[in-house]
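Examination of the molecular architecture
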Amino acid sequence: MTSAVAPFDAPTLIATKRDGHRLPDAGIDWLIDGYTAGWVAEEQMSALLMAIYLRGMDEQETARWTRAMIASGEQMDFTDLRRDGLPLKTVDKHSTGGVGDKITLPLVAVVAACGAAVPSASGRGLGHTGGTLDKLEAIAGFDATLSTARLREQLVGVGAAVFAAGALAPADAKLYALRDITATVESLPLIASSVMSKKLAEGAAALVLDVKVGSGAFMKSAEQARALADRMVDLGAAYGVPTRALLTDMSSPLGATVGNALEVAEALEVLAGGGSDDVVELTVRLAQEMLDLAGIHDADPAHCLRDGTAMDRFTAMVAAQGGDLSVPLPLGACTETVTADRGGVMGDIDAMAVAQAAWRLGAGRSTPGERVQHGAGVRIHRRPGEPVTAGQALFTLYTDTPERLAPACGELDGGYRVLRLGDTPPLRRPLIIEATP
């Protein structure tokens, strides 16, 4: 601070929220400015985050918090971009975080193949959820750091770019890492403001939100997820960005892999016209929503997956960002296979148990800036409802650190069950729970 007397002080603002009162607008601005600049200490912001986690923030506080984070950095504008003499239609998607959620990888390519452009500012792993940048950086040479000029050029030429937020909402970048290690991730206002500050600053003209529901999501119930979706849709509308949300199931892992390079490999299968049914279904549905908001109604996302045009766009995007898909993706050198102790039918698989196992294997972080193991993760061999024979592989765990295997297996224990033949099969839940009007 340069002024002799600061207008606020962190202990008083922490106490205000601790005691259940509303933070003043100017106090929020001061806190975000101060934390970004470094004169609000990490310990103080940690205490405030916990107070917010326990006491919450109302809609006005959340909107002001979001606005302050947007104002902390650069704001992009792509309204002047043209392709073939016509305005370039930009749209993006954001997931609130799931297990095995590699959807961004095929999705940006599909939407680009259908004629829109996707400027996707993405993050790294947070808590038990994987980060899109961590996944893409498993590709040899992939560079998520793009200058604004390079980003604009890539959007016109390729139609998609997945990049580190960089100068966008730098306050959120700091808070994002701090939430990850202070057990304050699962907070509705903090999630809403984190998501929307980056997405509104990145300059996309429209936004689709994939709000996860279930044991592997931050929002465990449809009621919680609906409240988060409504808060984020309102934030988008207030900034003049058409926004809609889907509530999607995250009780079981999405697809057949959880981990960085493992999920890239599965995304490539989807782009090659194969892959897990649920990953394909969600990719196509989100693409349809994005294209509708962008005003593109004559494209078929499913066809773009089948005919290879989406794969071409993904390959072009990776190459434009320095990636080399000809280099084999890394895979942990140490493995453990969990097998079935009896025959029957695979029951439910708890998404959180698998996520925690992948985290234990090294796919996630326990301290800010920690390097993830790109080859760490879990491969799921039998999905809920599929037949199982005694001794058959159910999960394979990968890591480069052998001492991580036992704790990871411990996380999986109790997270799945093989049902006997004749037992009631696992409930088949719809992947798309509901959509905002």
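Rules used in this analysis
Residues numbered from 1 in each chain as written. Predicted model: local features only at pLDDT ≥ 70, side-chain atom pairs only at ≥ 80, totals over all residues. Heavy atoms only, no water. UniProt positions renumbered as here; feature names shortened; annotations may be inferred. Domains from an automatic or database assignment. Contact = heavy atoms within 4.5 Å. Buried area = accessible area lost by both parts, 1.4 Å probe. Salt bridge = Lys/Arg side-chain N within 4 Å of Asp/Glu carboxyl O. Helix = DSSP H or I, 4+ residues; strand = E, 2+ residues; numbered from the N terminus. Nonpolar A, V, L, I, M, F, W, Y, C, P; charged D, E, K, R; others polar. Buried < 20%, exposed > 50% of the residue type's maximum accessible area, 1.4 Å probe, protein only. Expected span 1.5 Å × (residues − 1).

Going by an unreviewed UniProt entry, the chain carries the name Pyrimidine-nucleoside phosphorylase and comes from Mycolicibacter arupensis. UniProt, in its Sequence similarities (unreviewed entry) section for the chain, records the words "Belongs to the thymidine/pyrimidine-nucleoside phosphorylase family." Recorded in UniProt under Subunit (unreviewed entry), the annotation for the chain is "Homodimer."

Let us now look at the domain arrangement of the chain. For the chain, the assigned domains read domain 1 (10-56), domain 2 (82-321) and domain 3 (334-419). Each of domain 2 and domain 3 has a C-alpha centre, and these two points are 25 Å apart. With 28 residues of domain 2 in contact, the opposing surface of domain 3 contributes 24 residues. Summed over both sides, the interface of domain 2 with domain 3 buries roughly 1,900 Å², with 56% coming from carbon and sulfur. There are one salt bridge connecting domain 2 and domain 3. Among the elements of the structure, helix H8 (170-181), strand S8 (257-259) and helix H11 (260-271) are those that each provide at least two residues to the side of domain 2 that touches domain 3. The residue inventory of the side of domain 2 that touches domain 3, partitioned by class, reads ten nonpolar, twelve polar and six charged.

The next point concerns unusual backbone geometry. As a rule of thumb, non-glycine residues mostly have phi less than zero, and peptide bonds are mostly trans rather than cis. Its identity is not glycine, yet Asp84 carries a phi of approximately 55 degrees, on the positive side. In this structure, Asp84 sits in the loop between strand S1 (82-83) and strand S2 (86-87). Assessed through its relative accessible area of 76%, Asp84 is described here as exposed. The backbone of Ala183 shows a phi angle near 60 degrees, a positive value even though the residue is not glycine. Structurally, Ala183 can be placed in the loop between H8 and helix H9 (188-201). For Ala183, a relative accessible area of 56% translates into the label exposed.

Another point: the pattern of salt bridges. As a working rule, side chains carrying opposite charge can pair if their charged atoms are close by. With the rule as written, the count across this model stands at 24 salt bridges. Between Asp58 and Arg22 there is a salt bridge; the shortest N-O distance is 3.5 Å. Of this pair, Asp58 sits in the loop between helix H3 (42-55) and helix H4 (59-71) while Arg22 sits in the loop between helix H1 (10-18) and helix H2 (25-37); the two residues are 36 residues apart in sequence, bridging distant segments of the chain. When its relative accessible area of 33% is taken as the criterion, Asp58 is described as partly exposed. Of the charged contacts, one joins Lys212 and Asp101 as a salt bridge, the two residues approaching to 3.9 Å between their closest N and O atoms. Here the residue Lys212 occupies a position in strand S6 (residues 207-213), and Asp101 occupies one in the loop between strand S3 (92-95) and helix H5 (104-113), the gap between them amounting to 111 residues. Judged on exposure class, the residue Lys212 and its partner Asp101 are both buried.

A rise of 1.5 Å per residue sets the reference length of H9, with its 14 residues, at 20 Å; its end C-alpha atoms lie 20 Å apart and thus fit the reference within 8%. Across the 14 residues that make up H9, a large majority, 14, are buried. Looking one or two places after H9, you find Gly203, whose phi comes out positive at around 90 degrees.

As for its placement among the helices and strands, Leu246 is situated in strand S7 (residues 243-249). The residues contacting Leu246, other than those within four sequence positions of it, are Leu209, Asp210, Val211, Arg285, Leu286, Glu289, Glu434 and Ala435.

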